Amino acid sequence: MKTLTLGKFSFGMGDRFARQGKAQLRACALAAAAGAQVVPVWNKSNREHLIVGSEPSSVRAEADAAVRALGWKGEYHVDADHIRLETVDRFLAHSDFYTIDVADSIGKPPPAEAIGSFVKRHPELTGRIAIAEIGRPFEMTGADVGRIAGKYLLATQEAGRIYRHIAEAKGAGTFVTEVSMDETDAPQTPPELLVILAALADEGIPAQTIAPKFTGRFNKGVDYVGDARQFEQEFNDDLAVIARAVKDYGLPGNLKLSVHSGSDKFSIYGPIRRALARFGAGVHLKTAGTTWLEEIIGLAEADGEGLRLAKEIYGQALEHAEEVSAPYAAVIDIDRAKLPAIAVVAGWSAAQFVAALRHDQKNPEFNPHLRQLLHVGYKMAAKLGDRYLTALDEFEASVSANVTTNLFERHLRPLFVGA
Ligand SMILES: [Zn+2]
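Everything numeric in this text was worked out from a predicted model, so none of it was measured.

About the thresholds
- Residues numbered from 1 in each chain as written.
- Predicted model: local features only at pLDDT ≥ 70, side-chain atom pairs only at ≥ 80, totals over all residues.
- Heavy atoms only, no water.
- Helix = DSSP H or I, 4+ residues; strand = E, 2+ residues; numbered from the N terminus.
- Rg over C-alpha atoms; globule rule 2.2 N^0.38 Å.
- Buried < 20%, exposed > 50% of the residue type's maximum accessible area, 1.4 Å probe, protein only.
- Lys, Arg positive; Asp, Glu negative; His and termini not counted.
- Charge placed at Lys NZ, Arg CZ, Asp CG, Glu CD.
- Donors = N, O, S within 2.8 Å, 3.2 Å for Na, K, Ca; no water.
- Contact = heavy atoms within 4.5 Å.
- Polar contact = N/O pair within 3.5 Å; in protein donor to acceptor, adjacent residues only side chain to side chain.
- Axes fitted to C-alpha atoms, helices over the stretch in contact; angles between N-to-C directions.
- Left-handed = near helix turned anticlockwise from the far one by under 90°.
- Nonpolar A, V, L, I, M, F, W, Y, C, P; charged D, E, K, R; others polar.
- Core = buried A, V, L, I, M, F, W, Y, C linked by side-chain atoms within 4.5 Å.
- Pairing = 2+ DSSP bridges.
- Salt bridge = Lys/Arg side-chain N within 4 Å of Asp/Glu carboxyl O.

Visitor: Is there a simple way to explain the overall build of the protein in this structure?
Guide: Per the secondary structure count, the protein includes 17 helices and ten strands. Computed over C-alpha atoms, the radius of gyration of the protein comes to 22 Å, within 12% of the 22 Å expected from 2.2 N^0.38 for 419 residues, which places it in the range of a compact globule. When its C-alpha atoms are laid out on the principal axes, the protein stretches across 70 × 45 × 40 Å. When each of the 419 residues of the protein is scored for burial, the buried share is 57%. In the protein, 47 positive and 53 negative side-chain charges are present, and the distance between their average locations comes to 3 Å.

Visitor: What should I look at first to understand the coordination of the zinc ion in this one?
Guide: Each pair of donors in an ideal four-coordinate tetrahedral metal site encloses 109.5 degrees, whereas pairs in an ideal six-coordinate octahedral site enclose 90 or 180 degrees. For the zinc ion, the full set of protein donor atoms is H82 (NE2), D182 (OD) and H260 (ND1), and the range of their distances to it is 2.0 to 2.2 Å. If you list the donors of the zinc ion from N- to C-terminus, the spacing comes out as H-x99-D-x77-H. Within this pair, whereas H82 is found in strand β3 (residues 77–83), its partner D182 is found in the loop between β7 (176–180) and α6 (190–202), the two being separated by 100 residues in sequence. With respect to burial, H82 and D182 carry one shared label: buried.

Visitor: I would appreciate a short explanation of the environment of Y76 in the present structure.
Guide: Assignment of secondary structure puts Y76 in the loop between α3 (56–70) and β3. Considered as a pair, Y76 and S349 are 273 residues apart in the sequence and their alpha carbons are 39 Å apart. The contact partners of Y76, leaving out residues within four places of it in the chain, are V39, P40, W42, R60, A63, D64, V67 and D96. Looking at Y76, its side chain comes within polar contact range of the side chain of D64, at 2.7 Å.

Visitor: Is there a simple way to explain the packing of helix α4 (residues 112–121) against helix α5 (residues 142–170) in this structure?
Guide: The geometry of a pair of packed helices is captured by two quantities: the angle between their axes and the separation between those axes. Direction vectors running N to C along α4 and α5 enclose 115°, while the axes themselves pass 9 Å from each other. Crossing angle aside, the handedness with which α4 passes α5 is right-handed. For the pair α4 and α5, contact is made by A114, I115, F118 and V119 and by G142, V145, G146, A149, G150, L153 and Q157, respectively. Looking at side-chain class alone, the contact of α4 with α5 contains seven nonpolar, four polar and no charged residues.

Visitor: Looking at this structure, I do not really get the nonpolar core. What am I missing?
Guide: In globular proteins that are soluble, nonpolar side chains generally tend to be buried together. The biggest cluster of nonpolar side chains holds 87 residues, and the ones touching the most others in it are L197, I210 and F235. Sorting elements by how many residues they give to this core places α5 first, with eleven residues. Apart from residues no more than four positions distant in its own chain, L197 is found in contact with I210, V241, I242, A245, L251 and L255. Core analysis: the second largest hydrophobic core is formed by 43 residues, L309, L373, V376 and A391 among them.

Visitor: Help me understand the sheet that holds strand β1 (residues 9–13) in this model?
Guide: The strands that make up a sheet pair up through hydrogen bonds in the backbone, lying either parallel or antiparallel. What the eight strands build is a closed barrel, ordered β1-β2-β3-β4-β7-β8-β9-β10; its pairing is parallel. Neighbour to neighbour, the strand axes of the sheet diverge by 25° on average, direction disregarded. The sheet contact formed by β3 and strand β4 (residues 97–101) spans three bridges and is parallel. Opposite I83, over in β4, you have I100 as the bridge partner. Taken strand by strand, α3 contacts β2 (39–45) and β3, and its axis lies near 160° from that of β2.

Visitor: So what exactly am I meant to see when it comes to the pattern of salt bridges here?
Guide: A side chain with one charge may pair with a side chain of the opposite charge, provided their charged atoms come close. This model, assessed by the stated rule, comprises 28 salt bridges. A salt bridge links R217 to D333; the nearest nitrogen and oxygen atoms lie 2.8 Å apart. Of the two residues, R217 is situated in the loop between β8 (209–211) and α7 (228–249) and D333 in the loop between α11 (321–325) and α12 (342–346); the sequence distance between them amounts to 116 residues. Overall, the relative accessible area of 32% leaves R217 in the partly exposed class. Salt bridges here are not isolated pairs; linked through shared partners, they connect D79, D81, E178 and K286.

So, in structure tokens, the structure goes:
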């Protein structure tokens, strides 16, 4: 049987309310027409399902319907994003891509003998590790390897348990496996990534994508905050480590980095593109909230009832700022003093609302605080229920045009087509 293999370039598109599948897929079709084959992946985490009140079957239905409607002939997938052993089961019938989240197990100490036997099993990790593409080789002592194993071994074993649980239910080779470690405090260095990959291979996990935590801040819906040059160095080193791990540990040949971007990390798209070209490497890049924000932009731009609803959702998000921010506290930086009052926003024209929200850093009216609050504020739209969904239908033309343009022009083009 043929193993399900993820294409070289793939792009994760979350869609909180499952209405934008076609508009999203149209962006991939535009990329294909411009010469870049990018595999669309619809991702939705358990957390998003809980907040919206949706079922994993809805993501599969949306993806299949979009593919049928557009006559998309290429590969596509449905990603059970950030699942764990206790949350994966309801995704099993509907997803062919599983992002196994083991961040919570990072730093939990494994039994001492497990560390010792890992170090013994991997003498190649001790000493000078020359990786051709990394200018300066890195060096690990046995103690270093042991320390890193002590931090990550339990997480990789947990990934093995979850992988085997999925494989038992669905059959090995019938789904794409990603392992994610991004939702944790400290970034993983390239040497740590090498140890992690060795441990994942020991567990027999055929990971096709790995999502480390990178240096810098990946706040929701706004640009990268950090040293883009340091990111570029680290991203290059990670690519070299992956190439090495594929060779040394027999991991799948298409293993690639997965960037859980939190959407809109425009200033690192150039560095990512350069690094991929240098290594001939692929990448998976996930977005989600950027599409939901385009829904609000589309509603506001439609003016009248659409604008009124966009303002109402902002007002609700502001009144419930604490509640909607809590699940995302680690990945937002909102200065409350910079959030406009409800009375101020009430007086805004459609153009003013759109200027504040649309991610155009050159526009002096752009407000990243308002944007982050609305990014995490989708629960307020979910609470509106049918009123929100009806508005999406009513203003579909304005909404879908914004969704497609955003994904293609601001994301797919700079990443995969080139300026
Ligand atoms: Zn993530």
